[in-house]
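Read off the chains here:
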Amino acid sequence: GLDLKRQVIENCNAIAKKYGYDGLSFRCGDVKDVIGELSPDMIITLHACDTATDEALAKGVEWKARYILSAPCCQHELQKSLADRGAFAGLMRQSILRERLCDILTDSFRAMIMRILGFKTQVIEFVSSEATARNILLKCEYGVKPGQPGPVSEYLNLRDYWGVRPWLEERFGALLGKHLERYE
């Protein structure tokens, strides 16, 4: 396991030791800095901030993980590039509403991209919204044909409507681009 906070790592390692999980270890670090081929069956992320959720999704795809469970956190990249869109101008003027709209769009883009890349993807509420506003879980299981026209079209329509290029699309580069260029 990885986390940027030393206290979290120490706590996780203590719990693993307490319950006899000798093969389980945690260390301080950022998933983007993990180099080399790994072959995990499952990737789990919990509230990885900003583009860390996207990086974990990308690593899971690159490592050919069969399952990816991700409870996303914020992602500010979209907020920086999202233009006011006619009828949405009043909504976009309010920072909290703009942030929530960007969260929904970002998680939609994430789910659509995972689907394009061959993952059966569900967006579910995993805890009550009374516990946290960040209660979305992307549940991804590899096993559908990548690049299907329906998901690609849905993604491109939404992306182009808002006039943005999600960070995850940039991160995947050619891997995703080969599916998109046929339809652009």
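In case you missed it, the structure is sitting above this.
Since the model is a prediction, treat every value here as computed from it, not as a measurement.

Chemist: For this particular structure, what's the right way to read the packing of helix 5 (residues 95–116) against helix 6 (residues 149–162)?
Modeler: Packed helices, taken two at a time, are described by the angle their axes make and the gap between the axes. For the pair helix 5 and helix 6, interaxial distance at closest approach is 9 Å and the crossing angle is 150 degrees. Looking at the two axes, helix 5 sits roughly antiparallel to helix 6. When you trace helix 5 past helix 6, the crossing you get is left-handed. Here helix 5 contributes L101, L105, S108, F109, M112, I113, R115 and I116 to the contact with helix 6, which in turn contributes P151, V152, E154, Y155, L158, R159 and W162. Taken together, the residues that form the contact of helix 5 with helix 6 break down as 11 nonpolar, one polar and three charged.

Chemist: Mind showing me how you'd approach the packing of aromatic side chains here?
Modeler: Two descriptors summarise a pair of aromatic rings, namely the distance from one centre to the other and the angle between the planes of the rings. Applying the stated rule across the entire model yields four aromatic pairs. With a centroid separation of 5.2 Å and an interplanar angle of 75 degrees, the aromatic rings of F119 and Y142 are classed as edge-to-face. With F119 in strand 5 (residues 119–125) and Y142 in strand 6 (residues 136–142), the pair connects residues that are 23 residues apart, well separated along the chain. Ring pairs connect the aromatic residues F88, Y161 and W162, which therefore count as one cluster.

Definitions and cut-offs
- Residues numbered from 1 in each chain as written.
- Predicted model: local features only at pLDDT ≥ 70, side-chain atom pairs only at ≥ 80, totals over all residues.
- Heavy atoms only, no water.
- Axes fitted to C-alpha atoms, helices over the stretch in contact; angles between N-to-C directions.
- Helix = DSSP H or I, 4+ residues; strand = E, 2+ residues; numbered from the N terminus.
- Parallel < 35°, antiparallel > 145°, perpendicular 65-115°, else oblique.
- Left-handed = near helix turned anticlockwise from the far one by under 90°.
- Contact = heavy atoms within 4.5 Å.
- Nonpolar A, V, L, I, M, F, W, Y, C, P; charged D, E, K, R; others polar.
- Phe/Tyr/Trp six-rings, centres within 6.5 Å; stacked < 30°, edge-to-face > 60°.

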